[in-house]
Amino acid sequence: MTTRKPLPAVGWRELVHLPDLGLHAVPAKIDTGARTSSLHGTVLEEFERDGQKMVRFAVDFEQQHVRQVCEAVHVDVRGITSSNGETQYRYVIKTPLKIGDVEFRAEISLANRADMKFPMLIGRSSLRRRFVVDSGYSWLQTPEMKVQKGHKP
């Protein structure tokens, strides 16, 4: 029998980084009930660069009154069923995502998360074979934050 290297644990919330988008320390909720990761973004335009489909979008951090305009490879437009059961058609991008010391390319849908507590949600496709989830803790992969036990926001 082969022994597997233990996977790092993430808490129910972490600060994550999207280096190619210039987004760092983005508060994210870990959600194994969601298949696809999701980022709060408003699509501004589709365009082509070097024969590759791209999308330009804005990420608004309203509490800080900051708008970051980003560009990423546009992978698809997909029907994604939200937590309320409605299917929305969303742009899906592919970009590097860093959680703790682990960096990988992730598919991320762009959605209006303005009414949500977290601007980003990390779904199970991004977690699979990379992390285990310990929902009793926060900030297990966020060295700049003190690890917290429990579920208090």
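Calculation criteria
Residues numbered from 1 in each chain as written. Predicted model: local features only at pLDDT ≥ 70, side-chain atom pairs only at ≥ 80, totals over all residues. Heavy atoms only, no water. Phe/Tyr/Trp six-rings, centres within 6.5 Å; stacked < 30°, edge-to-face > 60°. Helix = DSSP H or I, 4+ residues; strand = E, 2+ residues; numbered from the N terminus. Buried < 20%, exposed > 50% of the residue type's maximum accessible area, 1.4 Å probe, protein only. Lys NZ or Arg CZ within 6 Å of the ring centre and 35° of its normal. Core = buried A, V, L, I, M, F, W, Y, C linked by side-chain atoms within 4.5 Å. Contact = heavy atoms within 4.5 Å. 1 Å grid on protein atoms, 1.4 Å probe; cavity = no way out; pocket = protein on both sides within 12 Å on 5 of 7 lines; lining within 4 Å. Points joined across faces, edges and corners; volume = space filled by probe spheres on them. Nonpolar A, V, L, I, M, F, W, Y, C, P; charged D, E, K, R; others polar. UniProt positions renumbered as here; feature names shortened; annotations may be inferred. Pairing = 2+ DSSP bridges.

- In the annotation of an unreviewed UniProt entry, the entry for the protein reads RimK/LysX family protein, and the organism field reads Qipengyuania aurantiaca.

## Topic: the packing of aromatic side chains
Logical step 1: This model, assessed by the stated rule, comprises one aromatic pair.
Logical step 2: Taking 5.8 Å as the distance between ring centres and 85° as the angle between the ring planes, the aromatic pair formed by Trp12 and Phe118 counts as edge-to-face. With Trp12 in the loop between strand E1 (9-10) and strand E2 (13-18) and Phe118 in the loop between strand E9 (102-111) and strand E10 (120-122), this pair connects stretches of sequence that are 106 residues apart. Neither Trp12 nor Phe118 differs from the other in exposure class; each is buried.
Logical step 3: Here the basic side chain of Arg56 rests over the ring of Phe47, its NZ or CZ set 4.4 Å away from the ring centre.
Logical step 4: The ring centre of Phe104 lies 3.9 Å from the NZ or CZ of Arg130, which sits over that ring.

## Looking at the nonpolar core
Logical step 1: Of all hydrophobic cores here, the largest spans 26 residues; its most connected members are Leu21, Leu23, Leu39, Phe57, Leu97, Met120 and Ile122.
Logical step 2: For this core, the secondary structure elements donating two or more residues are E2, strand E3 (23-30), strand E6 (52-61), strand E7 (66-81), strand E8 (87-99), E9 and E10.
Logical step 3: Those residues in contact with Leu39 that sit more than four places away from it in its chain are Leu18, Leu21, Leu23, Phe57, Val59, Ile108, Ser109, Leu110, Ala111, Arg113, Pro119 and Met120.

## Some remarks on the layout of surface pockets
Logical step 1: One number sums up the size of the largest pocket: a volume of about 640 Å³.
Logical step 2: If you trace the largest pocket, you find 25 residues lining it, with Ala34, Thr81, Ser82, Ser83 and Arg90 closest to the centre.
Logical step 3: Every element with two or more residues in the lining of the largest pocket is listed here: E7, E8 and E9.
Logical step 4: By residue number, the principal contributor to the lining of the largest pocket is E7, which donates four residues.
Logical step 5: When its residues are assigned to classes, the lining of the largest pocket shows six nonpolar, eleven polar and eight charged.
Logical step 6: Of the pockets and cavities examined, the second largest pocket occupies roughly 390 Å³.
Logical step 7: If you go around the second largest pocket, you meet 16 residues; those closest to its centre are Gln63, Met116, Lys117, Phe118 and Pro119.
Logical step 8: When the residues that make up the lining of the second largest pocket are grouped by side-chain class, the tally is eight nonpolar, three polar and five charged.

## Some words on the UniProt feature "domain: Retropepsin-like aspartic endopeptidase" (unreviewed entry) in the protein
Logical step 1: Mapped onto this structure's residue numbering, the UniProt feature "domain: Retropepsin-like aspartic endopeptidase" (unreviewed entry) falls at residues 10-142.
Logical step 2: Summarising residues 10-142: 3% helix, 62% strand, and an end-to-end C-alpha distance of 9 Å.

## Details of the pairing of E7
Logical step 1: With eight bridges joining them, E6 and E7 adopt antiparallel strand pairing. Residue pairing across strands places Phe61 opposite Val66, the latter belonging to E7.
Logical step 2: From the end of E6 to the start of E7, which pair antiparallel, there are four residues, and His65 there has a positive phi angle of about 55°.
Logical step 3: In the sheet, E7 pairs with E8 via eight bridges, with the strands oriented antiparallel. Each residue of the ladder has a partner; that of Gly79, found in E8, is Tyr89.

## Looking at unusual backbone geometry
Logical step 1: In the Ramachandran plot, Ala25 falls in the positive-phi region, its phi being about 55° despite a non-glycine side chain.
Logical step 2: The topology assignment puts Ala25 in strand E3.
Logical step 3: The class for Ala25 is partly exposed, based on a relative accessible area of 34%.
Logical step 4: Even without being glycine, Trp139 reaches a positive phi, approximately 70°.
Logical step 5: Within the element layout of this structure, Trp139 appears in the loop between strand E12 (137-138) and strand E13 (148-149).

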